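# Per-entry structural report
So the chains spell out like this:
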Amino acid sequence: MHHLTALVTLLAIALYFYTSINVSRSRVATGVKAPAMSGHPDFERAFRIQMNTLEWMPIFLPSLWLFAIYFSDAIAAAIGAVWIIGRIVYFIGYSKEAAKRGPGFAIQAMASLALWIGALGAVAWRLAH
Amino acid sequence: MHHLTALVTLLAIALYFYTSINVSRSRVATGVKAPAMSGHPDFERAFRIQMNTLEWMPIFLPSLWLFAIYFSDAIAAAIGAVWIIGRIVYFIGYSKEAAKRGPGFAIQAMASLALWIGALGAVAWRLAH
Amino acid sequence: MHHLTALVTLLAIALYFYTSINVSRSRVATGVKAPAMSGHPDFERAFRIQMNTLEWMPIFLPSLWLFAIYFSDAIAAAIGAVWIIGRIVYFIGYSKEAAKRGPGFAIQAMASLALWIGALGAVAWRLAH
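Here we summarise the structure given alongside this text. Computed from a prediction, not measured in an experiment: that's the story for all the values here. (Residues numbered from 1 in each chain as written. Chains lettered and ligands numbered in written order. Predicted model: local features only at pLDDT ≥ 70, side-chain atom pairs only at ≥ 80, totals over all residues. Heavy atoms only, no water.)

## Re the interface of chain A and chain C
- On the chain C side, the residues contacting the 24 residues of chain A number 22 residues.
- Counting each side, the surface lost to burial between chain A and chain C is near 1900 Å², with a carbon and sulfur contribution of 79%.
- Looking only at chain A, the three residues that lose the most surface to chain C are Glu55(A), Trp116(A) and Leu127(A), adding up to 23% of its buried area.
- In this assembly, chain A and chain C are joined by zero salt bridges.
- Taken together, the links from chain A to chain C amount to four residue pairs in polar contact (both at pLDDT 80 or more).
- Considering each element in turn, the side of chain A that touches chain C owes the most residues, 15 residues, to helix α2 (residues 41-70) of chain A.
- Broken down by class, the residue content of the side of chain A that touches chain C amounts to 17 nonpolar, one polar and six charged. (Contact = heavy atoms within 4.5 Å. Buried area = accessible area lost by both parts, 1.4 Å probe. Salt bridge = Lys/Arg side-chain N within 4 Å of Asp/Glu carboxyl O. Polar contact = N/O pair within 3.5 Å; in protein donor to acceptor, adjacent residues only side chain to side chain. Helix = DSSP H or I, 4+ residues; strand = E, 2+ residues; numbered from the N terminus. Nonpolar A, V, L, I, M, F, W, Y, C, P; charged D, E, K, R; others polar.)

Shown next as structure tokens:
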């Protein structure tokens, strides 16, 4: 079983869910009514934070789980925790202004890359042995 | 094995796929040509129905499966069926007008929350024992 | 274990990731600054390629894995490889002009449908026996 990876998965979902809540809040604060997705820079940034987090979920979650299954539950969960931290830094930075989205983005991208490379290496090793 | 959860997963995918088909149909009906994603309120609502369903897939599917694996296949599938019903209600309501998207959204959000909380509780229990 | 399906999953993620890189590049080339998601047709097509690939990930990946688990790792991986090829054809075609997105789209849609139908049949057979 991969209890730690399961826990990190649920926490990552909670963070992602919070980015959606933030879009709804921003809709109210800026007066951009559904189904419009633009019209105020604050709302557009809140929406992009959610969208970018969504865009990375199919990179992060499968890489996390293949890493956990093929390599190590504890290490997968530790790198997954770094991904969550990077996403929080991204959220806070991008909420202030678009130019401040870089550092958090880089942290979560490196964590995702580490999971993907580790999983690929472990899968390739198994296929070769 | 988790046959019922697998079945609900495939049905949820079918519903989600139908929301994309509906966007293509709406493109033809409203004359909004790709790659434009706005220009007619009917098209924008059809697009938002698909997008919102997409946005919830990474919340729903991992929560559903962790609930099924850590707790119960049958209960996970039953709550997953409620999620699908909520999504159908949301689809029908939001297709009529943006103000009617609330009830279906609430049903699927509560189903997702039940799966997430159940999975978190079961994972936390295993980690503690 | 499902080593071949794991490998195809990681390659599909790499392709999807490349569609995001392409959006970032297109932002620089066309001068559309974040958080704006429109303003130049080349950028809008690059964004739609990424979005459409994202939109199909929750159809493709769960169908691929349920097919692999319930039916065959090797056949799942082979159909998954067809999906990746269809996505590459789609990427190249849509990058040129919106009207050229059809053939690649059809290939990946048929591969996804084959995985979904195969998985549904195998799950239904297990539930009935």
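## Re the side chain of Arg48(B)
- Within the element layout of this structure, Arg48(B) appears in helix α2 (residues 41-70).
- With relative accessibility at 8%, the residue Arg48(B) sits in the buried group.
- In contact with Arg48(B), other than residues within four places in its own chain, are Pro35(A), Met37(A), Phe47(A), Glu55(B), Tyr90(B) and Tyr94(B). (Buried < 20%, exposed > 50% of the residue type's maximum accessible area, 1.4 Å probe, protein only.)

## Structural notes on the relation of the copies chain A and chain C
- Rotating chain A by 120 degrees and moving it 0.0 Å along the rotation axis overlays it on chain C with an RMSD of 0.0 Å. The superposition operator between the copies reduces to a three-fold rotation axis. Minimal C-alpha distance to the rotation axis in chain A is attained by Pro58(A), lying at 4.6 Å.
- The share of interface residues of chain A whose copies in chain C are also at the interface is only 8%, consistent with the copies meeting through different surfaces. (Least-squares fit on C-alpha atoms with pLDDT ≥ 70 in both.)

## A look at the relation of the copies chain B and chain C
- The two copies are related by a screw motion: chain B maps onto chain C through a turn of 120 degrees and a shift of 0.0 Å along the axis, at an RMSD of 0.0 Å.
- Looking at chain B, a mere 9% of its interface residues are interface residues in chain C too, so the copies touch through different faces.

## Quick notes on the nonpolar core
- Counting residues in hydrophobic clusters, the biggest one holds 106 residues, and the most contacted among them are Phe60(A), Trp83(A), Phe60(B), Trp83(B), Phe60(C) and Trp83(C).
- With residues near it in sequence (within four places) discarded, Trp83(C) still touches Ala12(C), Thr53(C), Trp56(C), Met57(C), Phe60(C), Gln108(C), Ala111(C) and Ser112(C). (Core = buried A, V, L, I, M, F, W, Y, C linked by side-chain atoms within 4.5 Å.)

## With respect to the interface of chain B and chain C
- Taken together, the 22 residues of chain B in the interface contact 24 residues of chain C.
- Where chain B abuts chain C, roughly 2000 Å² becomes buried across the two surfaces, and 79% of that area is made up of carbon and sulfur atoms.
- Counting the surface chain B buries against chain C, the share from its top three residues, His3(B), Leu10(B) and Pro35(B), is 30%.
- Our enumeration of links across chain B and chain C arrives at zero salt bridges.
- When contributions to the side of chain B that touches chain C are tallied by element, the ones reaching two or more residues are α1 (3-30) and α2 of chain B.

## Observations concerning the layout of surface pockets
- Here the largest pocket defines a volume of roughly 1400 Å³.
- For the lining of the largest pocket, the secondary-structure elements that each account for two or more residues are α1 (3-30) and α2 of chain A, α2 of chain B together with α2 (41-70) of chain C.
- Grouping the amino acids of the lining of the largest pocket by side-chain chemistry returns 31 nonpolar, six polar and no charged.
- Its volume calculated, the second largest pocket comes out at about 560 Å³.
- Taken together, 24 residues line the second largest pocket, and the ones lying closest to its centre are Met37(A), Met37(B), Ser38(B), Met37(C) and Ser38(C).
- Every element with two or more residues in the lining of the second largest pocket is listed here: α2 of chain A, α2 of chain B together with α2 of chain C.
- Split by residue class, the lining of the second largest pocket holds 15 nonpolar, three polar and six charged. (1 Å grid on protein atoms, 1.4 Å probe; cavity = no way out; pocket = protein on both sides within 12 Å on 5 of 7 lines; lining within 4 Å. Points joined across faces, edges and corners; volume = space filled by probe spheres on them.)

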